Amino acid sequence: MISLKLIYKILFVSILTIALVSCSDPWSDRETNDENLKLTLKEAILNNPETSKFAEALVKTGYDKVLASSLTYTVFVPTNDAMDQVPVSILNNTDNLVLFVSNHITPAIYSTVRDKASEKIIMYSNKYLTFSGTNTIGDATITTPDQYAKNGVFHIVNKPLTPKLNIWQYVNAVSSSSAMSKYMVSLTELNIYKADSIAKLVTAPGVYADSLSNSYLRNVYNLNNEKNSYTLFLMDDGSYTTEVDKLKPYLIKNNAARSDTYASYFTVRDMAFPKAYLPNELPNELTTRFGVKIPIDKTQIIGSPIVLSNGIIYRMKKMDVTLENRLLTKIIEGENNTSYFPSTSGNRATIFYRDRKDPANILYNDIAQYHRVTEGPNFFINYTASDMYSTKYKVYWRAINEQSNVFQQRLVVGSVFKADGTIDLTTSLMAFPYMGIDVKKYDEVYIGEFPLAQAGDINTISLVAAATTTIGNNSLTLDYLKFVPVIK
Amino acid sequence: MLKNLQLTCLISILFAGSFTEQLHAQIAQDSTQTITAAPKKIQGILVKGVVKSAKTKEVLSGINIAVPGFSAAITNNDGSFEIGVPHLEALLTVSGQDFQTKVFPLKSRDAGIEIFLFEEYYSPLYQVANLPAGEQINYATTKASSVVNFKTNQWSSPVKESVGDFLQGRVAGLNSVRKSGVPGAGAYLSLRGFNSLYATNKPLIVVDGMIYDDEDYGSGIIKNNSSSPLENIDVKDIENITVLKDDASLYGTKGANGVLIINTTRPTELTTKIDFTMYGAVNQEPDELPVMQSDAYRTHIYQLEASRGLAQIPLTYLPYANDNPGSVGYYKYHNETNWQDKVFKSSISQNYFLKVRGGDNIAKYGLSVGYLNNKGIIEDTESNRYSTRLNASLRLTEKLTVDANMSFINNIQNQRDQGFAYLTSPMYLALTKAPFLGANVIVDDGSVSPNLSDVDDFNVSNPRAIIDNAIGVNKNYRFFGNMNFKYVINNTWNVNTIFGITYNKERETFFIPDRGVTDIILPIAIGKNRSGSEVQILNTLYTDTYANYSKKFKNEHKLDVRFGFRTQGNKSETDLGLGYNSPTDDFTSVGSGSNLLREVGGVLGQWNWLNIYANGNYNYRDKYFLSASYAVDGSSRFGDESSTGDNQYALMTSITGAWLVSAENFLKNSNTFNYLKLRATIGTAGNDDIGNFAAQKYYISQNLLGVQGLVRGNIANPDLQWETVKKFNLGADLALFNERLNVSLDLFANKTENMLIYETVLASTGFDYAVSNSGSMKTRGAELSLNSRIINSPDFTFDLGVNLATYSNRVLSLPNGTIYSQFGGATYMTEVGNDANLFYGLKTNGVYATTSDAQADGFSRRLTNGELVPFKGGDMRFTDSNGDKVIDDNDRMVIGNPNPDLTGSITANFAYKRFYLQGLFNFSVGNDLYNGVRYNLEKMSGYENQSVAVENRWRAEGQQTDMPKATWGDPMGNASFSDRWIEDGSYLRLKTLVLGYDFNVEKMNYIKAIKIYATANNLFTFTDYLGYDPEFSATSSIFGQGVDMGMTPQFKTFQLGLRLGL
């Protein structure tokens, strides 16, 4: 009997130990015990009384399901007070509300403590917001930072982050009231360059169609691009007309309408810059990507700058750019030839694309032709010049003769060719006479001037060698050509 | 009649001979044979007494009482006996069927003697230890030796349990750590801590008188699997194992780590006995480690990709970041796969075993045949073992006997890579593969293909592809046999010769398919599929020839002398071929791989050993014991510098003594002290594991731009010698309260001198190190072993046993200062004045909740490009131990010790009528483990799936947590080797629980026994350790113990067994 009792005791003890074992799992206290981490962002925002109105909008737009998923997000949650500032037009229109809500959500986690002082982050609206310092997102201020949940963090902000138009959308929006805008939009139909017309043919319609086919967005800056920021100076109609008129004599085309288009283009292309300059950052002079120096007269700014999702627009009463600044000198590098003649293979071996240092140790590249035997005289190298103004040009060259003897070469502008391929000097636009190239002379040499009646490209400019078969006398050399427009 | 008489005469002579040959003659295993003719009466003092059963307190009749070589008697029906003894300090040998043979000191009494007999194998005191100098009853031994009797537990032990496993918890001081849960994986055995840093710490194994080589000679082409020939000996073939802890001088330079002496089945009986057993076991898959599920994992890697520098928009285009049902790739990345389920599988093991013993007085035999199918818990891993053993004992002439022990074991193992085989270990992949992917191809309409999916977007292999299509086979066999000739010259002299051979061959083949497995980068190509084949051969010729002299003078002085010599010649060979890029995954042999990429190699080994030894045991009146041993060793491994000369032969000596205090008059009347013996040992032993050719100068081949040549392979050390271990031991053995409490206590100190060190050498030599005998170290410790019978009643007994062992280590000298070593991601430090192999890394103190907290500390870390980067919110707060504000290697400190403070076991055996319940708990306290698996599950720097604890990772400023932030590549080293990964490895495990029932077969003819067993293995483990299991050993080096590198864990097994005795 005693032993039976003992067996019961043993049984009891063993069951107790088994119970103990099953209860003691060393992993149990390593599982999530942080209440915040048990909630998804959706639940965390819903549960927060301060953000209930934004939570309602989340539910209404279906973004609550996104915030319940297992990817990570950062949400900038406007307080209920901030949500009250949102116009009804947004709240009551589903499309607008989706855009509005998605402008508060971004993939990945952004802490208020970051290495970068300021960075642009893309929101689900495809708009970028600038997150700067520890508490500024767009134009809102973070009041309660770094709230975390299972799938991300949220920061409570004091203002709604209503999505803004980008520069291009703004330009479109004001095209009826602004001549400059209207012109920029019209370039969706008009072409400036040949490639623009091809782009217009191949571009599929859609939100990015303008970026690919509008001649302004293609050739200047893609103001429809949310990823970069730009500054655009939008001139008042008066100033715009003045500036265009100023350029018209230099952009004479075969008809007046085309002259207008090009004069407008060359005016407007200098009004965009690849950075959003805040008023306090704005310098007195900016240089465009084409090399035109634009003086900025801050006193001419109308009203406050228009801050947009990808930059800033300044409305300008006047943008006075002098013709000296506008009309650009054209420099053609000798080594950038388009062709040569006669183009038999033996001649290619006599053309040297040189990489040299001048006596001042400045590097330069040029072209030189030497030791031509097999072919006869009348050898020439061709160049083109684009975007030339309808004005008189002064021509200079820098040609470096590394031979021991002086030799002769000439320049023909707007060359016209005979059937056998040689130049018809009589019908060519301008045939400068032969000039001797001095030995080891590194200076620019003025070779004369020629008039251009119509603006546009000069398709052929030829550098012609002396008509002799004597080696050393029929050489060619050119560092660059310089065409300086003369103001009428 | 004459014939009969001669026969009885012969038998009596035989017994008398064996009486003189053994110190306290008894034949413990021979319970059926009774002495049929009592030796003639010799004049002496008449002693009277009674023999009773310790359990029932009933008198026992038919019990043999003898004073060996002097007189003998049998108890009467009332249990009483009368016997003549030479003097009143004589020992009576008391034996009877089903009882443990014991010796009983008269202690000057001549009447009223009560002798209690316990059942067989009860008391450790009367176990017969098989020592290098011959068998000796523990009662009289002077050495720290324990006998593990296999007979009581071998039939009920789990079939997957091998010798090393079985020994776990059975001997105080013998630490057995199972290498892994792979079927047939061996155990890391060490006796009394460790004595060497670079040489082996494994005790010498002697099977049936012959050294048993348990090394793995291959490189292990199936990654992190090793072979252990010791595992091939079936537990059921073993009679007993003697664990000799202190005086191993007789084995010369092989005895430094103690000796395990294994006796296999002994044919001792004349009646034919047949034992048939069959077992079936269910192996349960381990408790899964809690890894993140799909959602949590997706959040984690999405966040990680952002920290990698992936901008917001590319982030949303990641293939798995698509949440539109039905879109391309949606179904591929939206699954909830429990990969651990895909890899682990419960399995069934089975074992059949037949043992036949019998013979006549000329030839006796023990024959066993076994088949074991031992499955693992990684699907398709198993071991199939076929074993046969024939142990025969032949009496060729009256004086010449021969014992033959022969075994042949064939083992076919199916294995898979394990441990940190990042691309191919199914278990590692199961833990770390993305849970949102599926094992099979899932097409865009959501339907699942039967084809297995290929390597995923994260370049992670499919573990199912490895389980289903890879090959990993290890076929090995070993013939181990010897003949032991014994010639009895006369009663005092006999001569023995053991002649034995070992032939071991192992053939390993593997194939890793291309489909589903990540490619590897080879020096000149991308490795798609890969194959390998390796053959290892070991040949050993062993002899041991010795003479015994045994004589008793005046019945008071007893002298036993043994002297002889041993030789061992060994040859090993390993040949290896690796192939890559066979045309398809159907061509799996090395030969079908690309000719350009094939690699071949191999290793040859050869070593010879000679050992001349002598031993003398003396005792006076069985009270005072003295033993001296002496051995001279020569080995081909030793340096042969002729000028010094003294390195050529090792001399090992030891002297041990014991005093049986309880035999003294002042204790003779004590009822408490039945037995008290004090022991002391002082001696030396050596360790010759110094490399076969390290003393020699050798050349290796080298290919330079297509030209083959020979270059120096090492810096030879002609002075290289064995390590010497000085051993001191003090011990006491006690039996109290009518032997119901048996205690054995030992204190030891081992000091290693001439310790092998890999000395760093100048880079200008062209070598990294040179081997020298220049270190020293000591290990001290204590052991306690306690066996008690708590409840002793006729129907019910309860036995409780406790084994405890502790050791501490101190490095005394190192030639080059501190040694740092790496293993599996852990760094160990060994320096003078401290324990060897301590974990050495950074110390952490939580996670910075905010960046301003981190700035307040001002710590930074230097990146690989030299840049100093300050810590921020979410980084670990490391301890800057040198105060320079930069966290780097100079801030490392000791963060853990893999050596346990205390190891041991508890056994509790209940017996109630024919039922019995046996529990064996083993435990380890205070050992630290480096959880390398958890490091991979919480490092948060790559695509690996992580543990659920990672869900607590730091995500936002101000978050209080102990898990740092997730950063791609972990530039701040938050996951560097630190105390984050060091865990307390203490555990208490119910290793085996056996419930047995012994049928009553008294009325059945022919059937001698029917027993059934229900055995549970690893039923539960109390531990705070966060890995699968706190017990593992990935290497045989001490630099590597305590590193969890994801070996297949041990698992629970439930087993039913039937034993039929005919």
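Residues numbered from 1 in each chain as written. Chains lettered and ligands numbered in written order. Predicted model: local features only at pLDDT ≥ 70, side-chain atom pairs only at ≥ 80, totals over all residues. Heavy atoms only, no water.

### A look at the interface of chain A and chain B
Here is step 1: Contact with chain A, which involves 38 residues of that partner, is made by 39 residues of chain B.
Here is step 2: Carbon and sulfur atoms supply 67% of the area buried between chain A and chain B, which totals about 3,300 Å² over both sides.
Here is step 3: Where chain A meets chain B, there are two salt bridges.
Here is step 4: Put simply, Lys872 of chain B and Asp115 of chain A hold a salt bridge, and the shortest N to O gap is 3.4 Å.
Here is step 5: On the surface where chain A and chain B come into contact, there are 11 residue pairs in polar contact (both at pLDDT 80 or more).
Here is step 6: Elements with a minimum of two residues in the side of chain A that touches chain B: α1 (2-23), β2 (105-107), β3 (118-122) and β6 (140-149) of chain A.
Here is step 7: For the side of chain A that touches chain B, the leading source of residues is α1 of chain A, giving six residues. (Contact = heavy atoms within 4.5 Å. Buried area = accessible area lost by both parts, 1.4 Å probe. Salt bridge = Lys/Arg side-chain N within 4 Å of Asp/Glu carboxyl O. Polar contact = N/O pair within 3.5 Å; in protein donor to acceptor, adjacent residues only side chain to side chain. Helix = DSSP H or I, 4+ residues; strand = E, 2+ residues; numbered from the N terminus.)

### Observations concerning the domain arrangement of chain A
Here is step 1: By the assigned domains, chain A splits into domain 1 (4-157), domain 2 (167-326) and domain 3 (330-485).
Here is step 2: Centre-to-centre, using C-alpha coordinates, domain 1 of chain A lies 69 Å away from domain 3 of chain A. (Domains from an automatic or database assignment.)

### What about the nonpolar core?
Here is step 1: Among the nonpolar cores identified, the biggest contains 118 residues, and Ile137 of chain A together with Leu197 and Phe458 of chain B are the most heavily contacted of them.
Here is step 2: What Leu197 of chain B contacts, discounting residues up to four positions off in sequence, is Met755, Ile757, Met777, Leu814, Ile819, Thr830, Ala836, Ile1038 and Phe1039 of chain B.
Here is step 3: Residues Tyr170, Met271, Ile301 and Ala399 of chain A belong to the second largest nonpolar core, which totals 81 residues. (Core = buried A, V, L, I, M, F, W, Y, C linked by side-chain atoms within 4.5 Å. Buried < 20%, exposed > 50% of the residue type's maximum accessible area, 1.4 Å probe, protein only.)

### Details of a nonpolar patch on the surface
Here is step 1: Taken together, the side chains of Tyr618, Leu626, Ile655, Ile682 and Phe728 of chain B present a nonpolar region at the surface, about 430 Å² in accessible area.
Here is step 2: If you trace the backbone, Leu626 of chain B turns up in strand β31 (residues 624-635). (Patch = residues over 30% accessible without salt bridge, like charges linked within 9 Å, V, L, I, M, F, W, Y side chains within 5 Å. Areas by Shrake-Rupley, 256 points an atom, 1.4 Å probe, with all protein chains shown as cover.)

### A word on the environment of Met235 of chain A
Here is step 1: Tracing the backbone shows Met235 of chain A in strand β8 (residues 230-235).
Here is step 2: Not counting chain neighbours up to four residues away, the residues in contact with Met235 of chain A comprise Met180, Tyr240, Glu243, Thr267, Met271, Met316 and Met319 of chain A.

### Quick notes on the packing of helix α3 (residues 52-61) of chain A against helix α7 (residues 94-102) of chain A
Residues and elements named next belong to chain A.
Here is step 1: The contact between α3 and α7 brings their axes to 10 Å, and the two run at 120 degrees. Taken together, α3 and α7 sit at an angle that is classed as oblique. With respect to the hand of their crossing, α3 and α7 are arranged in left-handed fashion. For the pair α3 and α7, the contacting residues are Phe54, Ala57, Leu58, Lys60 and Thr61 in the first and Leu97, Val98 and Val101 in the second. (Axes fitted to C-alpha atoms, helices over the stretch in contact; angles between N-to-C directions. Parallel < 35°, antiparallel > 145°, perpendicular 65-115°, else oblique. Left-handed = near helix turned anticlockwise from the far one by under 90°.)

### Quick word on the sheet that holds strand β2 (residues 64-67) of chain B
Residues and elements named next belong to chain B.
Here is step 1: Strand order across the open sheet formed by four strands is β3-β2-β5-β6, with antiparallel pairing between neighbours. Edge strands, defined here as strands with exactly one partner in the open sheet, are β3 (71-74) and β6 (102-105). The sheet shows a mean angle of 25 degrees between the axes of neighbouring strands, taken without regard to direction.
Here is step 2: In this structure, β2 lies alongside strand β5 (residues 91-95), joined through three bridges in antiparallel fashion. Across the sheet, Ile65 pairs through a bridge with Val94, a residue of β5. (Pairing = 2+ DSSP bridges.)

### Brief notes about the packing of helix α13 (residues 237-247) of chain A against helix α14 (residues 256-268) of chain A
Residues and elements named next belong to chain A.
Here is step 1: Where α13 contacts α14, the axes come no closer than 8 Å and their chain directions differ by 115 degrees. Judged by the inter-axis angle, α13 sits roughly perpendicular to α14. α13 and α14 meet at a crossing whose hand is right-handed. In contact with Tyr240, Glu243, Val244 and Leu247 of α13, α14 contributes Asp260, Ala263, Ser264, Phe266, Thr267 and Val268.
Here is step 2: Of the residues that constitute the contact of α13 with α14, the class distribution is six nonpolar, two polar and two charged. (Nonpolar A, V, L, I, M, F, W, Y, C, P; charged D, E, K, R; others polar.)

### Re the pairing of strand β10 (residues 145-149) of chain B
Residue and element names in this part refer to chain B.
Here is step 1: Most of β10 sits inside the fold, with five of its five residues counted as buried.
Here is step 2: Along β10, one buried face is formed by Ser145, Val147 and Asn149 and the opposite face, lined by Ser146 and Val148, is buried too.
Here is step 3: In this sheet, strand β15 (residues 238-244) lies alongside β10 in antiparallel orientation, the contact comprising five bridges. Opposite Ser145, over in β15, you have Leu244 as the bridge partner.

### Focus on empty space enclosed by the protein
Residues and elements named next belong to chain B.
Here is step 1: All chains considered together, the criterion is met by 16 cavities of 30 Å³ or more.
Here is step 2: For the largest cavity, the calculated volume is near 440 Å³.
Here is step 3: Lining the largest cavity are 37 residues, with Asn175, Val177, Pro900, Thr903 and Ser924 positioned closest to its centre.
Here is step 4: A breakdown of the residues in the lining of the largest cavity according to their chemical character gives 17 nonpolar, 18 polar and two charged.
Here is step 5: What the second largest cavity holds in volume is close to 240 Å³.
Here is step 6: Lining the second largest cavity are 28 residues, with Gly184, Glu231, Asn232, Arg385 and Asn411 sitting closest to its centre. (1 Å grid on protein atoms, 1.4 Å probe; cavity = no way out; pocket = protein on both sides within 12 Å on 5 of 7 lines; lining within 4 Å. Points joined across faces, edges and corners; volume = space filled by probe spheres on them.)

### What to know about the environment of Val771 of chain B
Here is step 1: Within the secondary structure, Val771 of chain B is located in strand β38 (residues 769-792).
Here is step 2: Linking Val771 of chain B and Ser71 of chain B, residues 700 residues apart in sequence, is a C-alpha distance of 60 Å.

### With respect to a negative patch on the surface
Here is step 1: Side chains of Asp25, Asp29 and Glu31 of chain A together with Asp287, Glu288, Asp341, Asp901, Asp984 and Asp1024 of chain B sit close together on the surface and give a patch of like negative charge.
Here is step 2: Mapping Asp341 of chain B onto the fold places it in helix α5 (residues 339-343).
Here is step 3: Judged by its relative accessible area of 44%, Asp341 of chain B is partly exposed. (Lys, Arg positive; Asp, Glu negative; His and termini not counted. Charge placed at Lys NZ, Arg CZ, Asp CG, Glu CD.)

### Some details on unusual backbone geometry
Leave glycine aside and you will find that most residues have negative phi; peptide bonds, for their part, are mostly trans.
Here is step 1: Each neighbour pair has its own omega, and for Phe341 of chain A with Pro342 of chain A the value is -5 degrees, a cis peptide bond.
Here is step 2: Not every positive phi belongs to a glycine, and Asp146 of chain A is a case in point at roughly 55 degrees.
Here is step 3: Mapped onto the fold, Asp146 of chain A is located in strand β6.
Here is step 4: With a phi angle near 70 degrees, Lys885 of chain B is a residue other than glycine that sits in the positive phi range.
Here is step 5: By the element assignment, Lys885 of chain B lies in the loop between β46 (876-878) and β47 (893-896).
Here is step 6: Lys885 of chain B gets classed as partly exposed once you look at its relative accessible area, which sits at 42%.

### What to know about α13 of chain A
Residue and element names in this part refer to chain A.
Here is step 1: Ser239, Tyr240, Glu243, Val244 and Leu247 are the residues of α13 that are buried. Down the axis of α13, the buried set is contained in an arc of 130 degrees. They therefore lie on one face.
Here is step 2: Taken together, the buried residues of α13 touch α9 (179-186), β8, α14 and α15 (323-326). (Arc of directions from axis to C-beta.)

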